[in-house]
Amino acid sequence: MDLFEYQGKQYFARFGIPVSPGGVADTVDEAVAEAERVGYPAVVKAQVQVGGRGKAGGIKLASNADEVRTHASNILGMDIKGHVVRRLWVERASDIAREYYASFTLDRGARKHLGMVSSRGGVDIEQVAAEDPDAIARIHIDPVDGLSESEALRLVDEAKLDPQARAGAVDILEKLYRCFVEGDADLVEINPLVLTPDGRVHALDAKVSLDNNAEFRHPEWGEYRATEELDERERLARSKGLQYIGLSGSVGIIANGAGLAMSTLDVVNQVGGSPANFLDIGGGADATVMANALEVINTDPNVRAIFINIFGGITRGDEVANGIVQALGRVHIDAPIVIRIDGTNAAQGREILKAHESDRLISKPTMLEAARTAVEIANRSTSTVRA
Ligand code: GDP
Ligand code: MN
C-alpha cells in the first residue's frame, strides 16, 4: 500500500526523521489557513501518488496568502499523469543548499535490504542510475544484523555528501532504516533529502510503501486504507475480499493462487496478449467467489475475453465448474470466457462444463491452449472495435 507524501511524512516523524511543519488542505481556504499557521514562505504541494509533481506544476512556493490562494486553486483539480489532485499539503518552505537522495528497499535477489544514497537528489533517480550509476552509493544489509552507524557513515561518505551534511545524514539514515524495518515498509525513499544553508538536514519529500502482509499488526494503517487511491474495479474487488490489481490490457484473468495468477499473466503476454488484471480467488472457488470475480472483471470495459485458470488441489475441479455455471446464471458477463481446469477432479469439472459450452464459454485442457484462445478472441474483437 502506497502512502501519500503527507502520510509518509507523518510516518517518518514517528521515527524521529525531521520534516517541515505543515498541514493538509482540501480547499483553497484550508490551504491559506495552513500557510498562515506555518508561516511564509510556504510551499503548496499536490498530493497524488505519482512522481514528478514538481515538473508537472504541482508544487509551488508562495510568499503570501494571495499566492497560496492562486497556487492552491490552480493545483486542486489538476490532472497529473492521470491522477486528479483532491488534496494539498502545505508546509513551511525550506531554503535549499543541496538536494540528496536516500532510500531503503528489499533486494529480493540478494535476500538483503538495500540502502541507496546519492548526492544527486531532487531528480529522477532512475535517470541518475542510467546516466551516472557511480553517483549512487549502495549497501546490502543483512536483515538479522541491521544497519550499524559505521555502515551508515560509509554510505554517506561513498555518496560524497557535503561534510556539513554528514552527521545529520547518518542520523536520518539510521532512523529511516528503523522506519523501514519496524514500520514494515517495502520501500522508504527521501528525494530530495536536503541540506539547508544553515547546515540542517531534513526530508523534503516522502515516498513510503507499506508491506500489506504486515497489516495485521498495524491497526493504525486503517486510516491509510481509507484514503487509498483505488480505481473503481479495485474498490469493488476489495469490498468483495478479492486480491485484484487492475492492469490496462484486454484479457481478464481469474486464477486460484497468487503464483498461478502470475504465471497466467506471463503466459498471456507470451502468446501476444495483454492482461487486464491480476485476480487471485485463493483457495475456495465456489459460485459466490466466482460470481464476485466475474462481476469485478465485467466492470472493466477494456476486457474482451476472460481466462479462468484453475489448478485444483484442495479446491476440486467439479466444484469450480459448478461454481462457474451457477455464477453465469447470476451475473451477465459481456466477454467470452475461456476455462482451463486441471488438477483434482479436473475431468469431472470439464464434463460439467461440456453441457454449457458455446462460443462464449470455451473449455481448453491446457494453460497454453486456453491462453492462446483467450488472446485470439481478445485481439480479434479489439481489432474489430478499432475498425
Ligand atoms: P516530486 O517532484 O513529486 O518528487 O516532488 P518533491 O516534493 O520532491 O518536490 C520537487 C522539487 O520541488 C524539489 O526537488 C525541490 O527542488 C522543490 N521543493 C519542494 N519543496 C521545497 C521547499 O520547501 N523549498 C524549495 N526551495 N523548493 C522546494
Ligand atoms: Mn520528490
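Residues numbered from 1 in each chain as written. Chains lettered and ligands numbered in written order. Predicted model: local features only at pLDDT ≥ 70, side-chain atom pairs only at ≥ 80, totals over all residues. Heavy atoms only, no water.

**Describing the packing of helix α10 (residues 287-298) against helix α11 (residues 317-330)**
Relative orientation of the contacting elements α10 and α11 amounts to 55 degrees, with a least axis distance of 8 Å. Looking at the two axes, α10 sits oblique to α11. Crossing geometry of α10 relative to α11 is assigned as right-handed. Two secondary-structure elements touch here, α10 through A287, T288, M290, A291 and L294 and α11 through V320, G323, I324, Q326, A327, L328 and R330. Taken together, the residues of the contact of α10 with α11 break down into eight nonpolar, three polar and one charged. (Axes fitted to C-alpha atoms, helices over the stretch in contact; angles between N-to-C directions. Helix = DSSP H or I, 4+ residues; strand = E, 2+ residues; numbered from the N terminus. Parallel < 35°, antiparallel > 145°, perpendicular 65-115°, else oblique. Left-handed = near helix turned anticlockwise from the far one by under 90°. Contact = heavy atoms within 4.5 Å. Nonpolar A, V, L, I, M, F, W, Y, C, P; charged D, E, K, R; others polar.)

**Side note on the coordination of the manganese ion (ligand 2)**
Within the protein, the atoms that donate to the manganese ion (ligand 2) are N191 (O) and D205 (OD), at distances of 2.2 Å. Of this pair, N191 sits in strand β10 (residues 185-195) while D205 sits in the loop between β11 (201-203) and β12 (207-210), and the two are 14 residues apart along the sequence. (Donors = N, O, S within 2.8 Å, 3.2 Å for Na, K, Ca; no water.)

**What to know about the site of ligand 1**
Ligand 1 sits among 16 residues. The nearest are K45, R53, G54, S94 and E99. Within the backbone of N191, a nitrogen or oxygen atom sits 3.1 Å from an oxygen atom of ligand 1. In this structure, D205 approaches ligand 1 through a side-chain N or O atom, which is 3.0 Å from an oxygen atom. The fraction of the free accessible surface of ligand 1 (560 Å²) that becomes covered by protein chains is 80%. Every element with two or more residues in the shell around ligand 1 is listed here: β2 (42-46), β3 (59-62) and β10. In the shell around ligand 1, the residues fall into seven nonpolar, five polar and four charged. (Near = heavy atom within 4 Å. Polar contact = N/O pair within 3.5 Å; in protein donor to acceptor, adjacent residues only side chain to side chain. Areas by Shrake-Rupley, 256 points an atom, 1.4 Å probe, with all protein chains shown as cover.)

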